[in-house]
Amino acid sequence: MSSATNPETETKTDRLTLVEAVRDGLYTEMSQDDSVIVLGEDVGKNGGVFRATDGLHEEFGENRVVDTPLAEAGIVGSAIGLAMTGMKPIPEMQFMGFMYPAFDQIVSHAARLRSRSHGQYSVPMVVRAPYGGGIRAPEHHSESKEAFFVHEPGLKVVSPSTPYDAKGLLTASIRDPDPVIFLEPKLIYRAFRDDVPTESYEVPLSDAAIRREGSDISVYTWGAMTQPALIAADNLAEEKGVDVEVVDLRTLSPLDTETIVDSFKKTGRAAIVHEAPKTGGLGAEVASTIQEGALLHQEAPIKRITGFDAPMPLHSLEDYYLPQAVRIQEGILETVDF
Amino acid sequence: MSAQDEIEQQTISNTPQANAEPIRILDENGNVLPNAEVPDLSDDELLSMYEDIKLAREFDQRAISLQRQGRIATYAPMTGQEGSQVATSYALDDQDWLFPTYREHAAKYVHGVDLASILKPLRGLREGYAVPDDVNVMPEYIPIATQVPQAMGMAWGFKLQGRTDEAVLCHLGDGATSEGDFHEGLNFAGVFDVPAVFVCNNNQWAISVPRERQTASETIAQKARSYGLEGIRVDGLDPLAVYKVTRDAINKAKDPAGDELRPTFIESIQYRYGAHTTADDPSVYREENEAEEWREMDPIDRLGNYLRGEGILDDELEATIDDRIEAHIDEALGEAENAETEPEKMFEHVYDEMPARLQEQMDELNALREKYGDEEFSEVLE
Ligand SMILES: Cc1ncc(C[n+]2csc(CCOP(=O)(O)OP(=O)(O)O)c2C)c(N)n1
Ligand SMILES: [Mg+2]
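On a predicted model such as this, the values are computed, not experimentally measured, just so you know. (Residues numbered from 1 in each chain as written. Chains lettered and ligands numbered in written order. Predicted model: local features only at pLDDT ≥ 70, side-chain atom pairs only at ≥ 80, totals over all residues. Heavy atoms only, no water.)

**Quick look at the sheet that holds strand E6 (residues 230-235) of chain B**
Residues and elements named next belong to chain B.
Part 1 of the reasoning: Across the sheet, 5 strands lie side by side as E1-E2-E3-E7-E6; this open sheet has parallel pairing. Two strands lie at the open edges of the sheet, namely strand E1 (97-99) and E6, each paired on one side alone. Strand after strand, the sheet turns through a mean of 20° between neighbouring axes, direction not considered. (Pairing = 2+ DSSP bridges. Helix = DSSP H or I, 4+ residues; strand = E, 2+ residues; numbered from the N terminus. Axes fitted to C-alpha atoms, helices over the stretch in contact; angles between N-to-C directions.)

**Considerations on helix H11 (residues 299-309) of chain B**
Residues and elements named next belong to chain B.
Part 1 of the reasoning: All buried positions along H11 are accounted for by Pro299, Ile300, Arg302, Leu303, Gly304, Tyr306 and Leu307.
Part 2 of the reasoning: Of the surrounding secondary structure, the elements contacted by the buried residues of H11 are helix H2 (43-68), helix H3 (82-90), E6 and helix H9 (239-254).
Part 3 of the reasoning: The N-capping residue of H11, defined by a side-chain oxygen 3.0 Å from the backbone nitrogen of Ile300, is Asp298.
Part 4 of the reasoning: Looking one or two residues past H11, Gly311 carries a phi angle of roughly 75°, positive in sign. (Buried < 20%, exposed > 50% of the residue type's maximum accessible area, 1.4 Å probe, protein only. Contact = heavy atoms within 4.5 Å. Polar contact = N/O pair within 3.5 Å; in protein donor to acceptor, adjacent residues only side chain to side chain.)

**Side note on the nonpolar core**
Part 1 of the reasoning: Counting residues in hydrophobic clusters, the biggest one holds 74 residues, and the most contacted among them are Val244(A), Ile332(A) and Met346(B).
Part 2 of the reasoning: Ile332(A) has contacts with Ile217(A), Val219(A), Leu236(A), Val242(A), Val244(A) and Ile305(A), leaving out every residue within four places of it along the chain.
Part 3 of the reasoning: Leu46(B), Leu55(B), Leu115(B) and Ala332(B) belong to the second-largest nonpolar core, a separate cluster that totals 64 residues. (Core = buried A, V, L, I, M, F, W, Y, C linked by side-chain atoms within 4.5 Å.)

**Let's talk about the domain arrangement of chain A**
All names here are of chain A.
Part 1 of the reasoning: According to the domain assignment, chain A consists of domain 1 (3-197) and domain 2 (209-336).
Part 2 of the reasoning: Put simply, the middle of domain 1 and the middle of domain 2, counted by C-alpha atoms, are 26 Å apart.
Part 3 of the reasoning: Contacts between the two partners involve 29 residues from domain 1, matched on the other side by 24 residues from domain 2.
Part 4 of the reasoning: Counting every contact that joins domain 1 to domain 2 gives 4 salt bridges. (Domains from an automatic or database assignment. Salt bridge = Lys/Arg side-chain N within 4 Å of Asp/Glu carboxyl O.)

**Some thoughts on the interface of chain A and chain B**
Often, the extent of an interface is quoted as the loss of accessible area on bringing the components together.
Part 1 of the reasoning: Across the contact, 51 residues belong to chain A and 49 residues belong to chain B.
Part 2 of the reasoning: Both sides of the chain A and chain B interface together cover about 4,100 Å² of buried area, and 61% of this is carbon and sulfur.
Part 3 of the reasoning: For Lys371(B), the salt bridge goes to Glu330(A), with nearest N and O atoms at 2.9 Å.
Part 4 of the reasoning: Across the contact surface, chain A and chain B share 13 residue pairs in polar contact (both at pLDDT 80 or more).
Part 5 of the reasoning: Of all elements in the fold, only strand E3 (65-67), helix H8 (226-240), strand E14 (303-307), helix H11 (318-321) and helix H12 (325-336) of chain A reach the threshold of two or more residues within the side of chain A that touches chain B. (Buried area = accessible area lost by both parts, 1.4 Å probe.)

Structure (structure tokens):
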């Protein structure tokens, strides 16, 4: 198991939700490193529309927690420039669905400045964005477009699924010399609490986490979908005696090939669960990674349980769009019974 | 930032200059200002404008309370801004197109969208975005400022096709003027000289960010100048003034005089009395009493007083209007609350023809629903 359920007992901890842990991660890192600043829409006085920067404005002042004009390209572009001066900017995109104006800045520049300058410059920036569905939000507020960013060499893409990881992965992202797209699963922003150490710690951006050990099938997922995946695993253990291993990828780029392949070698079967549409989704990359690394262990087709190849619907239908425990169970059984 | 600064102290000025004082026709008591000219509207038109503004206010209060009861999702209120919304749509001809944001419920309603359709997306039903063929209103725009170049493009299409009697009206917020799409759209509008009117609903706030932190420009209207467009400031709490400047702009868009350019950029100066949306708590970032100053300029009182002064409105008529509004909204709420949708709907209209892969996905979902029942799909997290 990952350290998520086993934080070191000696260290002082707080019971935090995932969004509180994000805030705590920002707070802890800003307290220790003056070069870290937060900028974005409504992050200052308002404390962020999800309260992820609550109180930071009072604590660190308006030059380190900056309310910007409403312009994502401006926010990320200026963050790249700030990073050039040795600062560590953390731009917030209010929702992932509103990142697109900044797309050019992210993929054409943040991702490539290191390679274009032959390693002379880098962009140590963390772009934070809440993402995913399930909270009855208006149109454009529920998308999961991680694949856009995973597809771009030079970016790291991270998505925590527990409060402990949220702080540890965020700390590692801030300290990482390369640009990180940090995607926060807002469905589980307040779903449960963890013991989160008050001092700083890193969860490395290289390791997937085994959330549940099992021997019959490996279920690969991340972000909010770890929850229905774990529910499905428990149900199947109880009702059908199926022993499911749940692998939380945590860092979506670069992928932890070793953990992905090792789990599959043990189980010989796999299902991948994500909210994003099936076609061109990260599930395809995980399936190929498995086949490249462990083809001869494969005992059944690899199942993808995902959002559909249709736009995210308005909220009355989102429960049909998102993978549910029932869909996940069915997919697992199909693979196990193959 | 205060109502005083923005509106109160100025004398009437009809010079359409980007940094001039806002154009006004009615003072805070509904009296016609000296030198101001009341637009050419019949008594019936004035009354129906008044009724629509009142309806918008009532709709807003009902929608907010429905949201509190959990019967609709996040709602963006328009109280304080309905006078301008209604007046801009009165200035349109039926064949003109409207590009609204998530806040222009009243502008949509006046241009032909029924109230139930406005409520449906708030219940998660995409059906509300589909408007009848003869209603020229785009589905609301949520990604900020993305409508601006599109509205320009539609106006361009009318011009290229010689459709000289059609124009486009595009709404946007003060915050939207910071996005690249805003500048690109306005620049194109100037370069290609298209029949478009852009209305910036400057409600002084973009969620928690006040107007003076959004831009260092003295006024928002002056931004139009950089693109060669006429920029006009108008008191957005004065429906008659808003009607006048918008109607003039629509007329100019369709039939410019001499070497006049067709497009106009209007800064309608308003105030968001309430929260950004029902998910927002403005007490975190602004003073409660700020709204009070603006409420003294309220469009309903001003227009109502004017109509009473002219002998067009009396208590009896007011009561009839209020009853009619109540009944109308009740009916719309009932219709919206009874509207249903089907999971299959999310697979429809993705393309002209449904691809085989998508059909397969739909069949798979339907098989599961059949097997387990729809209750199993009620919540992603139990
Ligand atoms: C591209 C984009 N970025 C961010 C948002 C989130 N957002 C929704 S409304 C809003 C403020 C808009 O302010 P303004 O343009 O003044 O319009 P108002 O809401 O005041 O009517 C923001 C930041 C969005 N919808 N789209
Ligand atoms: Mg605004």
